[in-house]
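So you can see what is in the structure, the chains are spelled out below.
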Amino acid sequence: MQQPAKGMLVANGPATGPEETFRTALRRLHLEAGEPSLREISRRIERLPVPEYVSHDAVHRILSGPRLPRWPRTALVVTALGGDPGHFHQLWIAAKLGHVPSAPIQSAPPAPVPPPIFRKTLTHPQAQVLGMACGYLHGRLLAVTGNGGGDVHVWDVAASSMVTPGSHRGAASARAVACTDLDGRLIAVTGGGDCAVRLWDLAGHRQIAVLEGHHGTILSVACAQLDGRAVAVTGSSDCTLRLWDLSEHSQIAVLHGHTAGVPSITCAPLQGRTVAVSGGEDCTLRVWDLTEGTQTAVLKGHTNGVGAVACGLFEGRLVAITGGDGSVRVWDLAARRELFALQEHGPGTLAVTCSELEGRLVAIVGDTDGNAHIWDLSERRRLGVLQGHHRRVTSVACTQFEERLAVVTGSSDGSVRVWDLLAELHNG
């Protein structure tokens, strides 16, 4: 007999009213997940593929607050607890509609959206930004960048201040950057032209480990939790992926399959398993079961190297969003097939991320012209373009900053820019 998904209500003892149904399902999900503490849920959210900072107080309001919580942060809590966001979104919509008055009311004109409350530019004049990742340290947003000279820079976004904890030796480029939680502390994981993976304690501004094994430039890195361990997956010009235990500072596995370099990787949960999704210069997208250390799918469609990949939930299913040949493609990972392509994207794609915006999944795509394009995947249309960089956009991230959804972009022009996404779209 098939068991209901986590948090899914069964027929006996139904809750009364759509909002109480939603709240009961959320409480049940928390219980079935082992009742992790509010701080633990907050830490799990920071470890999701798209980093967000949701304080433990905000988690408490979502789980127990008197008001119906907003969906974007609720989706993060549901995901952190191992629930099905698609199922919970339907319950949330029903609860939201339960607040609509039965008598018709005259709709007011939409309130004007104010100008962006932030639009920051962080510049290091002697450093191309080749890779970037974001994370939160004591509630402050950090942007960690790697450059063509091998230096690793850590920016405090609000203060516009920077420190340099170290570099990859021999002026080797540092193009692979990720952030994750390791034993309760925020670390950065970087890879570069010296073939080394380096771990950095971001609070102490120091290097804590060097992991060696690759025989070529490290082009990409992603972090995940695997059976309770913090792990990193790296892709290299030596055509391999390598899986690393970050606590033990040791290599777990070498993954063979790509026939050329691996410039893009992300990690995500798929059907109860932690998988890595890698894009190769061999024009393929490959899916790997990290527990078994095996390749489970090879997806073809791109006509050039797959230089960017991100994962997100689209219409209740996990999808990969990829770019690299002038098109942006969306893949159903469970069905192992391409859903559609945004062929008119145009310039080469170097970076991609995704996030939920007003209840819809959007992709943010950085290109060789110095722009970041915002795509509505449901309607398959471009919502807007973030313009400001004067060289290629090499990295993009979506996160929360000053209680707003922000896009952070890194460029080979040496700058990191932080955009108030919703305000930019409404005023652009």
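S.K.: Quick one: what's the story with the overall build of the chain, residue by residue and with numbers?
M.R.: Regarding its fold elements, the chain presents six helices and 28 strands. Counting over 428 residues, the chain shows a buried share of 56%. Across the chain, every contact between residues at least 6 apart in sequence was considered, and the portion connecting residues at least 24 apart equals 45%. Carbon and sulfur atoms provide 48% of the accessible area of the chain, an area that totals close to 18,200 Å².

S.K.: Give me the lowdown on the packing of helix α2 (residues 38-46) against helix α4 (residues 71-80), citing residues and values where you can.
M.R.: Running from N to C, α2 and α4 cross one another at 100°; their axes reach a closest spacing of 9 Å. On the basis of the axis angle, α2 is roughly perpendicular to α4. Residue-level inspection shows Ile 41, Arg 44 and Ile 45 of α2 in contact with α4, the latter providing Leu 76, Val 77 and Ala 80. For the contact of α2 with α4, the per-class residue count stands at five nonpolar, no polar and one charged.

S.K.: So what's going on with the packing of aromatic side chains? Which residues, and what values?
M.R.: As enumerated under the stated definition, the model contains two aromatic pairs in all. Ring centres of Trp 71 and Trp 92 lie 6.1 Å apart, and the angle between their planes is 45°; on these two criteria the pair is classed as tilted. Residue Trp 71 is located in helix α4, and its partner Trp 92 is located in helix α5 (residues 85-97); the two are separated by 21 residues in the primary sequence. You'll find Trp 71 and Trp 92 in the same group, each marked buried. Aromatic side chains Phe 314 and Phe 340 sit 6.0 Å apart centroid to centroid with 65° between the ring planes, which places their arrangement in the edge-to-face category. Within this pair, whereas Phe 314 is found in strand β18 (residues 308-314), its partner Phe 340 is found in strand β21 (residues 337-342), the two being separated by 26 residues in sequence. In this structure, Phe 314 and Phe 340 share a single accessibility class: buried. The ring of Phe 340 is capped by Arg 380, whose NZ or CZ atom sits 4.0 Å from the centre of that ring.

S.K.: Account for the pattern of salt bridges, with residues named and values stated.
M.R.: Counted under the stated rule, the structure contains 18 salt bridges. Residue Glu 19 pairs with Arg 23 through a salt bridge whose shortest N-O separation is 3.0 Å. Of this pair, Glu 19 and Arg 23 both sit in helix α1 (residues 18-32), four residues apart, which is roughly one turn of the helix. For Glu 19, a relative accessible area of 19% puts it in the buried group. The exposure class assigned to Arg 23 is buried, which follows from its relative accessible area of 11%. Notably, a salt bridge pairs Asp 156 with Arg 140, separated by 2.7 Å at the nearest N-O pair. Residue Asp 156 is located in strand β4 (residues 151-156), and its partner Arg 140 is located in strand β3 (residues 140-147); the two are separated by 16 residues in the primary sequence. You can call Asp 156 buried: its relative accessible area is 15%. Take Arg 140: its relative accessible area is 38%, and that puts it in the partly exposed class. Ionic contacts of the salt-bridge type, sharing partners, join the residues Glu 40, Arg 43 and Arg 44 into one network.

S.K.: An account of the confidence of the model for the chain is requested, with residue identities and associated values reported.
M.R.: Across the chain, the average pLDDT comes to 85, with 88% of residues at or above 70. With pLDDT under 50 throughout, residues 1-15 is counted as low confidence; its partners more than four residues away or in other chains account for 25 contacts. Within the model, the stretch residues 99-111 combines pLDDT values under 50 with two contacts to residues more than four positions away or in other chains.

S.K.: Give a description of the nonpolar core that names residues and reports values.
M.R.: Grouped together as the largest cluster of nonpolar side chains are 24 residues, with contacts concentrated most on Phe 22, Leu 26, Ile 41, Ile 45, Val 59, Val 77 and Phe 88. When contributions to this core are tallied by element, the ones reaching two or more residues are α1, α2, α3 (56-64), α4 and α5. By residue number, the principal contributor to this core is α4, which donates six residues. Residues in contact with Val 77, not counting those within four places in the same chain, are Ile 41, Ile 45, Val 59, Ile 62 and Leu 63.

S.K.: Which residues make up the pairing of strand β8 (residues 196-201), and what are the values?
M.R.: Within β8, six of the six residues are buried, which leaves the element mostly enclosed by the surrounding structure. Residue alternation in β8 divides its side chains into two sets, Ala 196, Arg 198 and Trp 200 and Val 197, Leu 199 and Asp 201, and both sets are buried. As paired elements, strand β7 (residues 185-192) and β8 share five bridges and run antiparallel to each other. Within β8, the position partnered with Ile 187 by the bridge is Asp 201. Between β7 and β8, which pair antiparallel in sequence order, lie three residues; one of them, Cys 195, sits at a positive phi of approximately 70°. Where β8 meets strand β9 (residues 206-212), six bridges bridge the pair, whose relative direction is antiparallel. Within the sheet, the bridge partner assigned to Arg 198 lies in β9 and is Val 210. From the end of β8 to the start of β9, which pair antiparallel, there are four residues, and His 205 there has a positive phi angle of about 55°.

S.K.: Can you break down the sheet that holds β4 residue by residue, with the values?
M.R.: Ordered in space as β2-β3-β4-β5, the four strands form an open sheet in which the pairing is antiparallel. Of all the strands in the sheet, just β2 (129-137) and β5 (161-167) have a single pairing partner and so form its edges. Taking each pair of neighbouring strands and ignoring which way they run, the sheet shows an average axis angle of 25°. Alignment of β3 against β4, held across five bridges, turns out to be antiparallel. Directly across from Val 144, in β4, lies its bridge partner Val 154.

S.K.: Give a detailed account of the environment of Gly 316, specifying residues and quantitative values.
M.R.: With respect to the helices and strands, the residue Gly 316 is situated in the loop between β18 and β19 (317-323). Here the alpha-carbon distance between Gly 316 and His 89, two residues 227 residues apart in the chain, equals 9.0 Å.

Quick notes on the rules
Residues numbered from 1 in each chain as written. Predicted model: local features only at pLDDT ≥ 70, side-chain atom pairs only at ≥ 80, totals over all residues. Heavy atoms only, no water. Helix = DSSP H or I, 4+ residues; strand = E, 2+ residues; numbered from the N terminus. Buried < 20%, exposed > 50% of the residue type's maximum accessible area, 1.4 Å probe, protein only. Contact = heavy atoms within 4.5 Å. Areas by Shrake-Rupley, 256 points an atom, 1.4 Å probe, with all protein chains shown as cover. Axes fitted to C-alpha atoms, helices over the stretch in contact; angles between N-to-C directions. Parallel < 35°, antiparallel > 145°, perpendicular 65-115°, else oblique. Nonpolar A, V, L, I, M, F, W, Y, C, P; charged D, E, K, R; others polar. Phe/Tyr/Trp six-rings, centres within 6.5 Å; stacked < 30°, edge-to-face > 60°. Lys NZ or Arg CZ within 6 Å of the ring centre and 35° of its normal. Salt bridge = Lys/Arg side-chain N within 4 Å of Asp/Glu carboxyl O. pLDDT = per-residue confidence, 0-100. Core = buried A, V, L, I, M, F, W, Y, C linked by side-chain atoms within 4.5 Å. Pairing = 2+ DSSP bridges.

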